[in-house]
Structure formats: structure tokens, C-alpha cells
Amino acid sequence: EAGVVQSPRYKIIEKKQPVAFWCNPISGHNTLYWYLQNLGQGPELLIRYENEEAVDDSQLPKDRFSAERLKGVDSTLKIQPAELGDSAVYLCASSLAGVGEQFFGPGTRLTVL
Amino acid sequence: AQSVTQLGSHVSVSEGALVLLRCNYSSSVPPYLFWYVQYPNQGLQLLLKYTTGATLVKGINGFEAEFKKSETSFHLTKPSAHMSDAAEYFCAVTLYGQNFVFGPGTRLSVLP
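Trainee: Lay out the overall build of chain B with the relevant residues and their values.
Mentor: Looking only at helices and strands, chain B features zero helices and 12 strands. From first element to last, N terminus to C terminus, chain B shows the α and β order β-β-β-β-β-β-β-β-β-β-β-β. What you see for chain B is a C-alpha radius of gyration of 13 Å, in line with the 13 Å of a compact globule of 112 residues. With respect to the three principal axes, the spread of C-alpha positions in chain B is 40 × 30 × 20 Å.

Put into C-alpha cells, the structure is as follows:
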């Protein structure tokens, strides 16, 4: 069974440019998470979806970040415009409902110049 | 709200020595607890979890952890370190239906 798929794996952009990350969760997992991981730190939740509904986006900087999960399957996270401080790894994870184990993708490493 | 502390951002052990990575949590009720491992340029992989039942849980790669409610701890141990154990380890806490809260991580180095 395929794991969580993320693309691209690496992205380098200049500040003020837009960028988008894509995530395809494990088949059948209705819960999807986007995390931000800064160097040497643990993942911090940006947004959690239950099917196509964003049930917790309280930590998502909505002035520049947006996310969608159309049809409740794959998801896209967008930053527009990117700032230098957005350089980090963006992780996607998925799980079954309840307190299921979260399965993580390999992440997208974003570098903003 | 839950929180997690991991004592020691970096731990070094010799190959074959005991591994002990510390995790303490703060929660108003007994939480669910997890240990994840992250190798360079990879996502997080579950090592083990405690939800209910036996407080000593065994995970993959010879790791185990014990939930101690009185000490609000969930320390990770392995009797004998292997070079392949070198990685970043994250403790996480959650309650049913709520978000995971991850600790800051402990980087484990294994010396030959």
C-alpha cells in the first residue's frame, strides 16, 4: 500500500513569489494534516481536515496561507506571497478518525531566498 | 491544553549502551502518547504508542516506553544502541478527537 505522497520534495523560490505543495493521503484516511517543521523543532499543526472540512485552521496564517481539500482526498497548501521566514519543511500526514496513528509523508523542504 | 517537554535536545550514547530519551507531558486527563522517529530528509515514523491498557509498551526496532501517570512521563528506552538508531526522536501527546502536540525533539547520536 502506498504511503502519504507529497510533491515537490524540494522547492526554492524568491521572496514574494507564490508556492504550492501537494499531498495525497493514504487511501481511506479521512483525516489529513498539514504541519510546519522548522529546523531542530517538532512539527506544528497548520490545519486539520476531516474529509473535505477544515476542522482546525486556527494556526494557519490566513493572510498568506491557504489550503484546500477538494473531494476529501488530496490536498494543496499554498503560500502567497512567500516570505524569508517561511523557509521550513512542510509535512503532510493522514490518519483514520479518532486517535489513530498519523502517517507522515516525506515533506517538502521550502527555501525562500 | 496539552504540552510536551523533552529533556535534552541532543543525547549521545556508545554503540551497545542503553538509550534513554525523556518525555514529560502536561494534560488535565490521561492522554494518548506516541513516540516518532525521523531520519534525515524523511517524514516521521511511529515507534510506539500508548492509548489504554498495559503501561509498558513495546515498539519497533527494540524500543519500549513506560507510561507513568504519577510522574507524567513516557520515557523511551532501548537496551542496546545500534548505529542505525541515530535519528531525531519526537514525543507527542493527544486526547481523543484533538490535535497532536509534538515535543521539540531529541537528536540521538550513536558513537562507535
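Trainee: Quick one: what's the story with the interface of chain B and chain A, residue by residue and with numbers?
Mentor: In this complex, chain B contributes 20 residues to the contact, which on the side of chain A involves 21 residues. Together, the buried faces of chain B and chain A total about 1,600 Å²; carbon and sulfur atoms form 53% of this surface. It is N41, N99 and F100 of chain B that lose the most area in chain B upon contact with chain A, and together they represent 31% of the buried surface on that side. In this structure, the connection of chain B to chain A is made through zero salt bridges.

Trainee: Explain the pairing of strand β12 (residues 106–111) of chain B to me, and be specific about the residues and the numbers.
Mentor: Sheet faces and side chains relate simply in a regular strand, where the side chains alternate between the two faces. All names here are of chain B. With five bridges joining them, strand β2 (residues 10–14) and β12 adopt parallel strand pairing. In the sheet register, V13 faces β12, and the bridge partner there is V110. Pairing analysis gives three bridges linking strand β10 (residues 87–94) to β12, with the strands arranged antiparallel. Considered in β12, the bridge of A87 is made with L108.

Trainee: Hey, could you go over the packing of aromatic side chains for me, with residue numbers and the actual values?
Mentor: Evaluation of the coordinates by the stated rule reveals 13 aromatic pairs over all chains. Arranged with centres 5.6 Å apart and planes meeting at 90°, the rings of Y35 of chain A and F102 of chain B form a pair that is edge-to-face. With Y35 of chain A in strand β4 (residues 31–37) and F102 of chain B in strand β11 (residues 101–102), this residue pair bridges two chains. The structure contains a cluster of three or more aromatic residues connected by ring pairs, namely Y33, Y35 and F104 of chain A together with F34, Y36, F100 and F102 of chain B.

Trainee: Describe the layout of surface pockets, with residues and values.
Mentor: In this structure, the largest pocket spans a volume of roughly 460 Å³. Contributing to the lining of the largest pocket are 26 residues, with Q37, L39 and R109 of chain A together with Q38 and N41 of chain B lying nearest its centre. Among the elements that line the lining of the largest pocket, the one with the most residues is strand β11 (residues 108–112) of chain A, at four residues. Taken together, the residues of the lining of the largest pocket sort by class into 11 nonpolar, 11 polar and four charged. Put simply, the second largest pocket is a space of about 260 Å³. If you go around the second largest pocket, you meet 14 residues; those closest to its centre are E44, L45 and Q59 of chain A together with F100 and V101 of chain B. Partitioned by chemical class, the residues of the lining of the second largest pocket number five nonpolar, seven polar and two charged.

Trainee: Mind laying out the confidence of the model for chain B, listing which residues take part and the relevant values?
Mentor: It should be kept in mind that the predicted coordinates are not to be read in detail where pLDDT is low. Overall, the predicted model of chain B reaches an average pLDDT of 93, with 100% of residues at or above 70. Taken element by element, chain B is modelled with least confidence in strand β1 (residues 3–5) of chain B, mean pLDDT 93, and with most confidence in strand β3 (residues 19–21) of chain B, mean pLDDT 98.

Trainee: Any details on the environment of H82 of chain B? Residues and values, ideally.
Mentor: Residues and elements named next belong to chain B. Mapped onto the elements of the fold, H82 is located in the loop between β9 (73–78) and β10. Judged by relative accessible area, which is 42%, H82 ranks as partly exposed. In sequence terms H82 and L21 are 61 residues apart; their C-alpha atoms lie 15 Å from each other.

Conventions adopted
Residues numbered from 1 in each chain as written. Chains lettered and ligands numbered in written order. Predicted model: local features only at pLDDT ≥ 70, side-chain atom pairs only at ≥ 80, totals over all residues. Heavy atoms only, no water. Helix = DSSP H or I, 4+ residues; strand = E, 2+ residues; numbered from the N terminus. Rg over C-alpha atoms; globule rule 2.2 N^0.38 Å. Contact = heavy atoms within 4.5 Å. Buried area = accessible area lost by both parts, 1.4 Å probe. Salt bridge = Lys/Arg side-chain N within 4 Å of Asp/Glu carboxyl O. Pairing = 2+ DSSP bridges. Phe/Tyr/Trp six-rings, centres within 6.5 Å; stacked < 30°, edge-to-face > 60°. 1 Å grid on protein atoms, 1.4 Å probe; cavity = no way out; pocket = protein on both sides within 12 Å on 5 of 7 lines; lining within 4 Å. Points joined across faces, edges and corners; volume = space filled by probe spheres on them. Nonpolar A, V, L, I, M, F, W, Y, C, P; charged D, E, K, R; others polar. pLDDT = per-residue confidence, 0-100. Buried < 20%, exposed > 50% of the residue type's maximum accessible area, 1.4 Å probe, protein only.

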